[in-house]
Amino acid sequence: FADRFTDPRAAQEGVDRVFQAGRVTDYQLIVQTAEGREVPVSYNASTYRDAEGRIQGVFAAARDMTARERALQQANSSLEAFAYSVSHDLRAPLRAMSGFARALLEDYGTQLDATGHDYAERVWQASERMSGLIDDLLRLSYLARTELRMERVDLSQMAESAIVEALAAGEG
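Keep in mind it's a predicted model, so treat the numbers as computed, not measured.

What counts, and at which threshold
Residues numbered from 1 in each chain as written. Predicted model: local features only at pLDDT ≥ 70, side-chain atom pairs only at ≥ 80, totals over all residues. Heavy atoms only, no water. Helix = DSSP H or I, 4+ residues; strand = E, 2+ residues; numbered from the N terminus. Rg over C-alpha atoms; globule rule 2.2 N^0.38 Å. Buried < 20%, exposed > 50% of the residue type's maximum accessible area, 1.4 Å probe, protein only. Expected span 1.5 Å × (residues − 1). Contact = heavy atoms within 4.5 Å. Polar contact = N/O pair within 3.5 Å; in protein donor to acceptor, adjacent residues only side chain to side chain. Salt bridge = Lys/Arg side-chain N within 4 Å of Asp/Glu carboxyl O. Axes fitted to C-alpha atoms, helices over the stretch in contact; angles between N-to-C directions. Parallel < 35°, antiparallel > 145°, perpendicular 65-115°, else oblique. Left-handed = near helix turned anticlockwise from the far one by under 90°. Nonpolar A, V, L, I, M, F, W, Y, C, P; charged D, E, K, R; others polar. Phe/Tyr/Trp six-rings, centres within 6.5 Å; stacked < 30°, edge-to-face > 60°. Lys NZ or Arg CZ within 6 Å of the ring centre and 35° of its normal. Pairing = 2+ DSSP bridges.

(A) Region of interest: the overall build of the chain. For the chain, the count of helices and strands is four helices and three strands. Listing every helix and strand of the chain by position from the N terminus yields α-β-β-β-α-α-α. Its C-alpha atoms give the chain a radius of gyration of 27 Å, clearly above 16 Å, the size a compact globule of 172 residues would have. The C-alpha extent of the chain, read off along each of the three principal axes, is 85 × 40 × 20 Å. Within the chain, buried positions represent 20% of all 172 residues.

Pasting the structure below:
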């Protein structure tokens, strides 16, 4: 059975984890069927021990994830189409709002009182912020099509940056 895994090293890592931790859950592997078809599987296993704690065997199961992956790909495609459609449908009115607010400030700014100037500035800033959110939505949909890579991050630093940005944007 071991020769059926497309990545024997990853399969061995899964086995090693079972013996080190006593179990493995949702470990992703690809198995090659006797017909040569590659099937993504989710591998789950746990050891069972005797009264003295010695490993007596392993219970293991591999679940075919083909349908789930297909559904995920379809959902990602739908999300991507939605993001593209929404972003393009929203951009035209946002550009109009931003442009009119800027024109109001530039052409009539001297005629506006402080409150009117503040309102126009807020409309312009909000439209710019919404445009940034649309850009972020598009980037998120593109990420769904790329392979994820693991890296260490400093969550404290990220949270601090988010707080500083929110306070600077007047959201705090």
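(B) Layout of helix 3 (residues 114–143). Here helix 3 spans 43 Å end to end across 30 residues, near enough to the 44 Å set by a 1.5 Å rise per residue. Within helix 3, the full set of buried residues consists of G116, A120, S127, I134, L138 and S141. In the core, the buried residues of helix 3 are packed alongside helix 2 (66–108). The N-cap of helix 3, judged by a side-chain oxygen 3.2 Å from the amide nitrogen of T115 a few residues on, is D113.

(C) Summary view of the pattern of salt bridges. A complete count under the given rule lists nine salt bridges for this structure. Among the salt bridges present, the one from D26 reaches R63, with a minimum N-O distance of 3.9 Å. You can see D26 sitting in strand 1 (residues 23–32) and its partner R63 sitting in strand 3 (residues 55–64), a full 37 residues away along the chain. Taking relative accessible area as the criterion, R63 reaches 45% and is therefore assigned partly exposed. A salt bridge links R102 to E121, with the shortest nitrogen-to-oxygen separation between them at 3.5 Å. Of this pair, R102 sits in helix 2 while E121 sits in helix 3; the two residues are 19 residues apart in sequence, bridging distant segments of the chain. Taken together, the salt bridges that share partners define one network made up of D7, R9 and E13.

(D) Examining the packing of helix 2 against helix 3 more closely. Two elements in contact, helix 2 and helix 3, have axes whose closest approach is 9 Å; the angle formed by their N-to-C orientations is 160°. As judged from the angle between their axes, helix 2 and helix 3 are roughly antiparallel. Of the two elements, helix 2 crosses helix 3, and the hand of that crossing is left-handed. Taken together, the residues of the contact of helix 2 with helix 3 break down into 16 nonpolar, six polar and six charged.

(E) Structural context of the packing of aromatic side chains. Within the structure shown, the criterion is met by one aromatic pair. Between Y48 and F59 the ring centres are 4.7 Å apart and the planes differ by 35°, which places this aromatic pair in the tilted class. Remark: F59 occurs in strand 3 and Y48 occurs in strand 2 (residues 38–49); sequence separation between them is eleven residues. Here the guanidinium or amino end of R102 rests over the ring plane of W124, the centre of that ring lying 4.0 Å away.

(F) Representation of the pairing of strand 3. As judged from the nine bridges shared by strand 2 and strand 3, these two strands associate in the antiparallel manner. Looking at the pairing, Y48 lines up with G57 of strand 3. Between strand 2 and strand 3, which follow one another and run antiparallel, lie five residues, and G53 among them has a positive phi close to 90°.

(G) Region of interest: the environment of R102. The class of R102 is partly exposed, set by a relative accessible area of 26%. When the C-alpha atoms of R102 and V123 are compared, they prove to be 9.1 Å apart, with 21 residues separating the residues in sequence. Each residue touching R102, except ones within four places of it in the same chain, is listed here: E121 and W124.

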